[in-house]
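Topology and contacts: notes
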Amino acid sequence: MTAGEGRDDAEVPAVGIEVEVEAVEGQDEDNREDYEPEEGDRNLLLKDGLLGSITKKSDIEWRRTPYTPVNSAWEIPVPEHPKPLTPYEYFQQYVPSEMFQLITTMTNMYAEQSAVRGYKHASVSEIEALVGLHMAMGVLGLPRVRMYWSSRINIGLFQDTLSRDRFFQLRTNLHVVNNNERPSDNTDVFYKVRPLYDSIRKRCLELQMEENLSIDEQIVPFRGKLSVLQYVKGKPEPWGVKVYFLCGKSGLAYDFLIYQGATTELSDQSKKILGHGAAVVTHLCQRIQNPNHKLFFDNFFTTYNVLEVLSGKNIQAAGTARVCRFANPPLKADKEMSKKGRGSHDEVRSRDGKVVLVKWFDNRSVVLASNFVGVGEEDEIERWEQKAGEFVKIKRPEIVKLYNESMGGVDKFDQLISLYRTTIRSRKWSLRMITHAFDVAVVNSWLEYRRDQELQGTQPKQVMDLLQFKMAVAEALVRVGKTQSLKKRGRPSSSNKPSPCMSPTPQPPEEPPKRRAAMERRPIEEVQADMLDHMPNYDTKKEATRCKLPGCSGKTHVYCDKCKVHFCFVSQRNCFKYAHRK
């Protein structure tokens, strides 16, 4: 269901039965029993090379003969062993420095066009710090933005980087394109953020794909005004912008497509012949170059013709199915299968043997369609039997097993984003999409980093989790290449000084409380080696501190004014110099 521009939060509970409209959006041709491509449409398919794999709905016939699985082995590609990168370097593959330069230029241009009073031109360092602080907000999760600058909480990462007013000023004017240069014939709803998403997608297209893939939809949470706002029942965040993703079993994203109604970047021929959902599948499958990948999707995308098209491209596909799209196959009724008990199944195949339908009965029936596997080799799974009060073993077809194991890639990717999502309350859809783009880049960077660490044989305890990884990227954006922040402005507080009008009351001397020695917090590698504003300084301690350069056992009073870490700084041991070089 497409929500109108004037929809507000008060209308959410009143959607009622309209939710079902969205679930079958774009599939009206597939639900018509008498639908067949016209001659002109078939000529278009002939031009695209798809006519040989398209069957008319009236020509679909089903047989109860056993289905022969497609025996095509997956050729495991030679794994790459890339050079280990830092979290910030992984992130820069998705959002390079040129993109931050573009955002800085367009932000300053928009502020000039809007004649913002008192606006000072932003630098690239400030825009990077703005993005880094937003990432840190997604991890910390305070209920109000202004609390990050509160003196009671005293979060140095925020107070020492940008002032609160400067933060809001930059965020209000944040832009990726020049609004005045919008083409008159533009049909892209998301043109304001398109360069950022193109940069991220470019890196996704370069990744080496795994065997098991899945296609599903993701919702970017948003409730403001937008012509293509969607409501999808059953999603954790039902209101927002819909994005179709092609992900691997691990959750790594390989391609995506932002839904924008009639102007979605899909072939008109594919939409007219195959339907909207199937057209999304064929569009995202252009990313798949090697044969025998296994692709899974749900019943929104599954049609008879899309399985034929994918079979012609040597892509093994399977998904849950709506029976009305498959020319009324002669599957057994639910009552008949319920009498046979849980674990019963029924299987029919097409006359040419390209497509197979499997109906499996567990607590209720489910129908799956495939072009490479049917019942196959069954296995046994445990299910709780309420009447007997115990676990029982039931048989499960091979297609159900493969679907359950591989379908959750997009959901896993969406879950990882939601763990530390950059929460932002704004009516500007462009701001919501910009912050989501950086979340996508961070999560995919972490999944890529974790895969590389596994190839390197790194111990699991030494691999950073998503929280550590995202904070490392945030700290790098805030501190790498930046000079040391200035001290807090304003006159010093006099709250601890006695008033001159009051005579001090003599107090007995108190023993100073025993305090635990503070531990030195070492900066991330990118900050330590950025070769900017690292100045030596002397501490006032009585005893010298151990040098923190690995392999050095000396002690020193010298520390880095930016890193706040002690290093030897004498003629015989210049650890300070070696510590700040890669």
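Higher on the page you've got the structure.
None of these values were measured; they are calculated from a predicted model.

**Observations concerning the overall build of the protein chain**
Secondary structure summary: the protein chain contains 19 helices and 16 strands in total. Out of the 582 residues in the protein chain, the part that is buried amounts to 49%. Here the analysis covers contacts within the protein chain between residues at least 6 apart in sequence; of these, 65% occur between residues at least 24 apart. Total accessible area on the protein chain stands at roughly 31400 Å², and carbon and sulfur atoms take up 49% of it.

**Some details on the packing of aromatic side chains**
Each aromatic ring pair is summarised here by two numbers: the centre-to-centre distance and the angle between the ring planes. On inspection of all chains with the given rule, the structure shows 23 aromatic pairs. Seen in terms of ring centroids, Trp-62 and Tyr-304 are 5.8 Å apart; in terms of plane orientation they differ by 90°. Their pairing is edge-to-face. With a gap of 242 residues between them, Trp-62 in strand β1 (residues 62-63) and Tyr-304 in helix α12 (residues 304-312) connect regions that are remote in the sequence. Taken as a pair, Trp-62 and Tyr-304 share a single burial class, namely buried. With centroids separated by 6.1 Å and ring planes inclined at 15°, the aromatic side chains of Phe-100 and Phe-438 adopt a geometry described as stacked.

**Regarding empty space enclosed by the protein**
Throughout the structure, instances matching the rule amount to 7 cavities of 30 Å³ or more. The space that makes up the second largest cavity amounts to roughly 80 Å³. If you trace the second largest cavity, you find it lined by Leu-130, Val-131, His-134, Met-135, Leu-174, Thr-422, Leu-431, Ile-434, Thr-435 and Phe-438. Listing elements by their share of the lining of the second largest cavity, those giving two or more residues are α6 (124-140) and α16 (429-456). In terms of residue class, the lining of the second largest cavity is made up of 7 nonpolar, 3 polar and no charged.

**Looking at the packing of helix α9 (residues 194-204) against α16**
The N-to-C vectors of α9 and α16 enclose an angle of 15°; their axes lie 10 Å apart at closest approach. When the axis of α9 is compared with that of α16, the two are roughly parallel. Between α9 and α16 lies a crossing whose hand is left-handed. On the side of α9, the interface is formed by Leu-196, Tyr-197, Ile-200, Arg-203 and Cys-204, while α16 contributes Met-433, Ile-434, His-436, Ala-437, Phe-438, Val-440, Ala-441, Asn-444 and Glu-448. Classifying every residue of the contact of α9 with α16 gives 10 nonpolar, 2 polar and 2 charged.

**Brief notes about the state of the cysteines**
As enumerated under the stated definition, the model contains 0 disulfides in all. Of all cysteine sulfurs in the structure, the one in Cys-568 sits closest to Cys-547, which takes part in no disulfide; the separation is 3.7 Å. On the basis of relative accessibility, which here comes to 4%, the residue Cys-547 falls in the buried class. Of the cysteine sulfurs around Cys-560, a residue in no disulfide, the closest is that of Cys-563, at 3.7 Å.

**Details of the pairing of strand β7 (residues 316-320)**
Counting buried positions along β7 gives 5 out of 5 residues, so the element sits mostly inside the fold. Bridging between strand β6 (residues 294-297) and β7 involves 4 bridges; their strand directions are parallel. By the bridge assignment for β7, Lys-294 is matched with Gln-316. Where the polypeptide runs from β6 across α12 and back to β7, its parallel neighbour, the crossover connection is right-handed. In this sheet, strand β10 (residues 365-370) lies alongside β7 in antiparallel orientation, the contact comprising 3 bridges. For Thr-320, the partnering residue across the bridge sits in β10 and is Leu-368.

**A few points about the nonpolar core**
Membership of the largest hydrophobic core comes to 120 residues, with the highest contact counts inside it found for Phe-91, Val-95, Leu-295 and Phe-438. Sort the elements by how many residues they give to this core and α16 lands first, with 13 residues. Among all residues touching Phe-91, those that are not within four sequence positions of it are Phe-100, Met-135, Phe-438, Ala-441, Val-442, Ser-445, Val-473 and Leu-477. Phe-296, Ile-381, Leu-402 and Met-407 belong to the second largest nonpolar core, which has 17 residues in total.

**Concerning the side chain of Gln-453**
Relative to the helices and strands, Gln-453 resides in helix α16. Using a relative accessible area of 12% as the deciding quantity, one classes Gln-453 as buried.

The rules behind each value
- Residues numbered from 1 in each chain as written.
- Predicted model: local features only at pLDDT ≥ 70, side-chain atom pairs only at ≥ 80, totals over all residues.
- Heavy atoms only, no water.
- Helix = DSSP H or I, 4+ residues; strand = E, 2+ residues; numbered from the N terminus.
- Buried < 20%, exposed > 50% of the residue type's maximum accessible area, 1.4 Å probe, protein only.
- Contact = heavy atoms within 4.5 Å.
- Areas by Shrake-Rupley, 256 points an atom, 1.4 Å probe, with all protein chains shown as cover.
- Phe/Tyr/Trp six-rings, centres within 6.5 Å; stacked < 30°, edge-to-face > 60°.
- 1 Å grid on protein atoms, 1.4 Å probe; cavity = no way out; pocket = protein on both sides within 12 Å on 5 of 7 lines; lining within 4 Å.
- Points joined across faces, edges and corners; volume = space filled by probe spheres on them.
- Nonpolar A, V, L, I, M, F, W, Y, C, P; charged D, E, K, R; others polar.
- Axes fitted to C-alpha atoms, helices over the stretch in contact; angles between N-to-C directions.
- Parallel < 35°, antiparallel > 145°, perpendicular 65-115°, else oblique.
- Left-handed = near helix turned anticlockwise from the far one by under 90°.
- Disulfide = S-S within 2.5 Å.
- Pairing = 2+ DSSP bridges.
- Right-handed = clockwise from strand over helix to strand, strands pointing away.
- Core = buried A, V, L, I, M, F, W, Y, C linked by side-chain atoms within 4.5 Å.

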